[in-house]
Amino acid sequence: AQTVTQSQPEMSVQEAETVTLSCTYDTSESDYYLFWYKQPPSRQMILVIRQEAYKQQNATENRFSVNFQKAAKSFSLKISDSQLGDAAMYFCAYRSAEEYGNKLVFGAGTILRVKS
Amino acid sequence: DGGITQSPKYLFRKEGQNVTLSCEQNLNHDAMYWYRQDPGQGLRLIYYSQIVNDFQKGDIAEGYSVSREKKESFPLTVTSAQKNPTAFYLCASSVSKGAIRGEQFFGPGTRLTVL
């Protein structure tokens, strides 16, 4: 079974600065997808960014980018020019491209605090 | 607007009672999911359904039941057999298996408290 590990329970960043959230995963599969979801205090889950494992190029979405290291099974999220609205719980998630069900496996989450 | 609705937002239950959480989507998605979220933990999969009239157990299905009679609806029943049901419950949907960009979209959640 696949597992996802987020080793940072909590992180802090100064407004306008850059922060990186870590995520590692364990799988024997070669084809899969990785996601970062954001959960603000409203508790609504919002997709931040996705990465297909077959793509070597790191995904970017505006101020959000990932560092995908397939051999190391690492998938970190970089948030540039941090804003107060970025404060939330961030979850890393894995989805197999081979298993039935499109199921997501989540890490335990990282709380991001943004200081003004 | 297309989206996923969950009701109620807050739910209180006495011990020994069954309770049903509603989840409806108008995104025309084939697949639907139920997750449980506890403090300090990530989301854990309870049940999922890829098509109408078919569903599978997730990692923590004991004490829960579901039905999928309509594509739009995937209600979750928390039975009295669930030993620790107090949690935040999230429903999600996605396009069916095989879709490359089949990310899951989430509802706003239901907070269940057992008194």
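Each remark here, short or long, concerns the structure printed above.
I will try to describe carefully the structure that is included in this document. (Residues numbered from 1 in each chain as written. Chains lettered and ligands numbered in written order. Predicted model: local features only at pLDDT ≥ 70, side-chain atom pairs only at ≥ 80, totals over all residues. Heavy atoms only, no water.)

Backbone phi values are negative for most residues with the exception of glycine, while trans is the configuration of most peptide bonds. The linkage connecting Ser7 of chain B with the following residue, Pro8 of chain B, adopts the cis geometry, with an omega of -10°. Counting through the fold element by element, Pro8 of chain B comes out in the loop between strand S1 (4-7) and strand S2 (10-13). Positive phi, close to 55°, is recorded for Asn62 of chain A, a residue that is not glycine. Locating Asn62 of chain A in the fold gives a position in the loop between strand S7 (60-61) and strand S8 (64-69). By relative accessible area, Asn62 of chain A is classed as exposed at 81%. Even without a glycine there, the phi angle at Asn28 of chain B is positive, about 60°. Among the secondary structure elements, Asn28 of chain B is positioned in the loop between strand S3 (19-25) and strand S4 (31-37). The exposure class assigned to Asn28 of chain B is exposed, which follows from its relative accessible area of 58%. (Helix = DSSP H or I, 4+ residues; strand = E, 2+ residues; numbered from the N terminus. Buried < 20%, exposed > 50% of the residue type's maximum accessible area, 1.4 Å probe, protein only.)

Each partner contributes residues to the interface: chain A has 23 residues there, and chain B has 29 residues. Viewed at the interface, chain B and chain A are joined by 1 salt bridge. When the shortest N-O distance is used, the salt bridge between Arg50 of chain A and Glu103 of chain B registers 2.6 Å. Inspection of the chain A/chain B interface yields 5 residue pairs in polar contact (both at pLDDT 80 or more). Every element with two or more residues in the side of chain A that touches chain B is listed here: strand S5 (32-39), strand S6 (46-52), strand S10 (88-96) and strand S11 (104-106) of chain A. When grouped by side-chain class, the residues that make up the side of chain A that touches chain B number 11 nonpolar, 5 polar and 7 charged. (Contact = heavy atoms within 4.5 Å. Salt bridge = Lys/Arg side-chain N within 4 Å of Asp/Glu carboxyl O. Polar contact = N/O pair within 3.5 Å; in protein donor to acceptor, adjacent residues only side chain to side chain. Nonpolar A, V, L, I, M, F, W, Y, C, P; charged D, E, K, R; others polar.)

Counted by the stated rule, this structure contains 8 salt bridges over all chains. Note that Asp86 of chain A and Arg63 of chain A form a salt bridge whose closest N and O atoms lie 2.8 Å from each other. Taken as a pair, Asp86 of chain A in the loop between strand S9 (74-79) and S10 and Arg63 of chain A in the loop between S7 and S8 lie far apart in primary sequence, 23 residues in all. A salt bridge links Arg36 of chain B to Asp38 of chain B; the nearest nitrogen and oxygen atoms lie 2.8 Å apart. You can call Arg36 of chain B buried: its relative accessible area is 4%. Within the structure, one salt-bridge network assembled from shared partners comprises Arg36, Asp38 and Arg44 of chain B.

As a further point, take the state of the cysteines. The tally for this structure, following the rule as stated, stands at 2 disulfides over all chains. A sulfur-sulfur separation of 2.0 Å characterises the disulfide bridge that pairs Cys23 of chain A with Cys92 of chain A. Negative torsions about the S-S bond denote left-handed disulfides, and the value of about -70° found for Cys23 of chain A with Cys92 of chain A makes this one left-handed. Of this pair, Cys23 of chain A sits in the loop between strand S3 (19-21) and strand S4 (24-26) while Cys92 of chain A sits in strand S10, placing them 69 residues apart in sequence. The same class applies to Cys23 of chain A as to Cys92 of chain A, namely buried. The disulfide partner of Cys23 of chain B is Cys91 of chain B, and the S-S distance across this bridge is 1.8 Å. Across the S-S bond linking Cys23 of chain B and Cys91 of chain B, the dihedral sits near -75°, which makes this disulfide left-handed. With a gap of 68 residues between them, Cys23 of chain B in strand S3 and Cys91 of chain B in strand S9 (residues 87-94) connect regions that are remote in the sequence. The class for Cys91 of chain B is buried, based on a relative accessible area of 0%. (Disulfide = S-S within 2.5 Å.)

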